[in-house]
Amino acid sequence: MTRDRSFILKPSIVEVTEPVAPRPDWRLWTDSYNNLFQVFKFEAELQ
Amino acid sequence: MAWFLADKSLQFRLLWHIFVFTIGLFFVCMFCHGELAMRRPGPKHLTLFYLVVSAGGVLGGVLVGIIAPITLPGYLELEIALTVVAALALALNWTRPIPVVGLLVAVTAFTSGALFWRVKYFREDTVYIERNYYGVLRVKENTMRMDDSDLRYRSLVHGAILHGEQWLSEKYRRSATTYYKMTSGIGRVLLAFEGKPIKVGVIGLGAGSIAVYGDADDNYKFYDIDPAVEEVAYKWFTYITDTPAKVDIVLGDARLSMEREPPQNFDVLAVDAFSGDAIPTHLITVEAFDTYLRHMKPGGVIVFHVSNRFLDLKPVLLAIAESTASSTPTCTRAGRTAAPPAIGSR
């Protein structure tokens, strides 16, 4: 993560970049809230 | 349960573990409590009986909380407990019909075998073990390629999670390996700064692998909570001692340490504390991120290592990044280079 967009756009970085699917239904993790069950890879586990 | 403890191929089947051990715990507790209830004395001796039961609880706590961490090199308490319970069941039911005794003999033999197998596997290729409050560290050396000294390497394993590897030969030992290879996310970021002096913060020391990218005018600052990791990084690996960069190691909780420090002006901060099965969630909150940002140069890069068998942390980071109005976060795939020869990478 960076605020320097030109860094993110370097070819060496871009070529291994993949989109991250946002999860608007997930609450932001704070010192008062996190949810490990929500991020658990159930699908991978059940394969 | 014994099968699940002994079979390495099942060690990451978390849901199966939860299912099997929950059922198993039920039966073990039923047996132990049932035997206890059946053997309770008459009312005259009940006070002493309950006192002894309480003392047993205290003894169990002392065994697991104090004696086991001091005397056992790894987490073998569960295997030992299963073997003891099986032997106890056999001893208490010795006069039962032959099929019952036969079944209990088989269970005892199986749990003992599982314990033996676990100990054997645990010590396999292992040259150093350290157990403390933070877990079990093992340094392993591969013995598969003993014929070619160039291909021998050493691994640092914390619990069941790989925390770094290094080639032992002079030819390759300064090579970046595993998650830190030149084609990995952190490798590409650090190489993008090549040619100018940089200050790098690293949360999670491991074997010190990231130091392989250090140049003489660079400054690498590692944060790690476990003093044994620092000891191992210096004694069994040479990334830290080989690097021409200036290296500082701060022991203690990384977030607390960083909150106490003045701004460090990091060009790169690598947060590498989330590969295990019990992640420090306080290092991946919006407040933690604010702390990290305070230590970054404008335009600095924060790299999170989110390879994890069980957890998908990328959407969590995306939400945090969006909430702090940083640039669009990216997720880079772990690199898989073959030169020098590729060694264990998930």
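Bear in mind that the values here come from a model prediction, so they are computed numbers and not experimental data.

Caption draft 1: Broad picture of the confidence of the model for chain B. Residues and elements named next belong to chain B. Counting all residues, the mean pLDDT for chain B is 88, and 92% of those residues have values of 70 or more. Taken together, the stretch residues 326–346 has pLDDT below 50 and engages in 68 contacts with residues farther than four places along the chain or on a different chain. Confidence estimates for the predicted assembly give a pTM of 0.84 and an ipTM of 0.92.

Caption draft 2: Inspection of the sheet that holds strand β5 (residues 199–203) of chain B at higher detail. Residues and elements named next belong to chain B. Here we have 5 strands laid out as an open sheet, ordered β7-β6-β5-β8-β9, and parallel in their pairing. Every other strand in the sheet has two partners, leaving β7 (246–251) and β9 (296–304) as the edge strands with one partner each. Taken pair by pair, the neighbouring strands of this sheet meet at an average axis angle of 15°, ignoring direction. Here 6 bridges tie strand β6 (residues 219–224) to β7, and the two strands are oriented parallel to one another. Its bridge partner being in β7, Y223 is matched across the sheet by V250. This element, helix α6 (residues 185–192), spans β5, β6, β8 (266–271) and β9 of the sheet and lies at about 170° to β8.

Caption draft 3: Spatial organisation of the layout of surface pockets. Residue and element names in this part refer to chain B. Approximately 1100 Å³ is the volume found for the second largest pocket. Forming the walls of the second largest pocket are 31 residues, and the residues nearest its centre are C32, G56, G60, A81 and V85. Residue assignment for the lining of the second largest pocket shows that the elements contributing at least two residues are α2 (14–38), α3 (46–71) and α4 (77–92). Ranked by residue count, the leading element in the lining of the second largest pocket is α3, at 12 residues.

Caption draft 4: Quick look at the packing of aromatic side chains. For the structure on display, the rule yields 15 aromatic pairs over all chains. Considering the side-chain rings of F40(A) and F310(B), the 6.4 Å spacing of their centres and the 5° angle between planes classify their relative orientation as stacked. Of this pair, F40(A) sits in the loop between α3 (36–39) and α4 (42–46) while F310(B) sits in the loop between β9 and α11 (314–323), on two different chains. Both residues of the pair, F40(A) and F310(B), belong to the buried class. Linked through ring pairs, F274(B), F289(B), Y292(B) and F304(B) together constitute an aromatic cluster.

Caption draft 5: Up close: the side chain of T324(B). You can see T324(B) is positioned in the loop between α11 and β10 (331–332). On the basis of relative accessibility, which here comes to 13%, the residue T324(B) falls in the buried class. A polar contact of 3.0 Å, which involves the side chain of T324(B), links it to the backbone oxygen of I320(B). A distance of 3.1 Å separates the side chain of T324(B) from the backbone oxygen of A321(B), its partner in a polar contact. Once you skip the residues sitting within four places of it in the chain, T324(B) turns out to touch R3(A), V286(B), F289(B), D290(B) and L293(B).

Caption draft 6: Summary view of the side chain of T30(A). For T30(A), the position within the fold is in the loop between β1 (17–18) and α3. We classify T30(A) as buried; its relative accessible area is 19%. Engagement of the side chain of T30(A) in a polar contact is seen with the backbone nitrogen of S32(A), the distance being 3.1 Å. Apart from residues lying up to four places away in sequence, T30(A) is in contact with T285(B), V286(B) and E287(B).

Caption draft 7: Region of interest: the interface of chain B and chain A. Counting residues at the interface gives 47 residues for chain B and 32 residues for chain A. Summing both sides of the interface, chain B and chain A together bury roughly 3700 Å²; the carbon and sulfur share of this comes to 61%. Inspection of the region where chain B meets chain A yields 3 salt bridges. A salt bridge links R255(B) to D31(A); the nearest nitrogen and oxygen atoms lie 2.6 Å apart. At the surface where chain B touches chain A, the tally comes to 15 residue pairs in polar contact (both at pLDDT 80 or more). For the side of chain B that touches chain A, the secondary-structure elements that each account for two or more residues are α2, α6, α10 (286–294), β9, α11 and β10 of chain B.

The rules behind the values
Residues numbered from 1 in each chain as written. Chains lettered and ligands numbered in written order. Predicted model: local features only at pLDDT ≥ 70, side-chain atom pairs only at ≥ 80, totals over all residues. Heavy atoms only, no water. pLDDT = per-residue confidence, 0-100. Contact = heavy atoms within 4.5 Å. Pairing = 2+ DSSP bridges. Helix = DSSP H or I, 4+ residues; strand = E, 2+ residues; numbered from the N terminus. Axes fitted to C-alpha atoms, helices over the stretch in contact; angles between N-to-C directions. 1 Å grid on protein atoms, 1.4 Å probe; cavity = no way out; pocket = protein on both sides within 12 Å on 5 of 7 lines; lining within 4 Å. Points joined across faces, edges and corners; volume = space filled by probe spheres on them. Phe/Tyr/Trp six-rings, centres within 6.5 Å; stacked < 30°, edge-to-face > 60°. Buried < 20%, exposed > 50% of the residue type's maximum accessible area, 1.4 Å probe, protein only. Polar contact = N/O pair within 3.5 Å; in protein donor to acceptor, adjacent residues only side chain to side chain. Buried area = accessible area lost by both parts, 1.4 Å probe. Salt bridge = Lys/Arg side-chain N within 4 Å of Asp/Glu carboxyl O.

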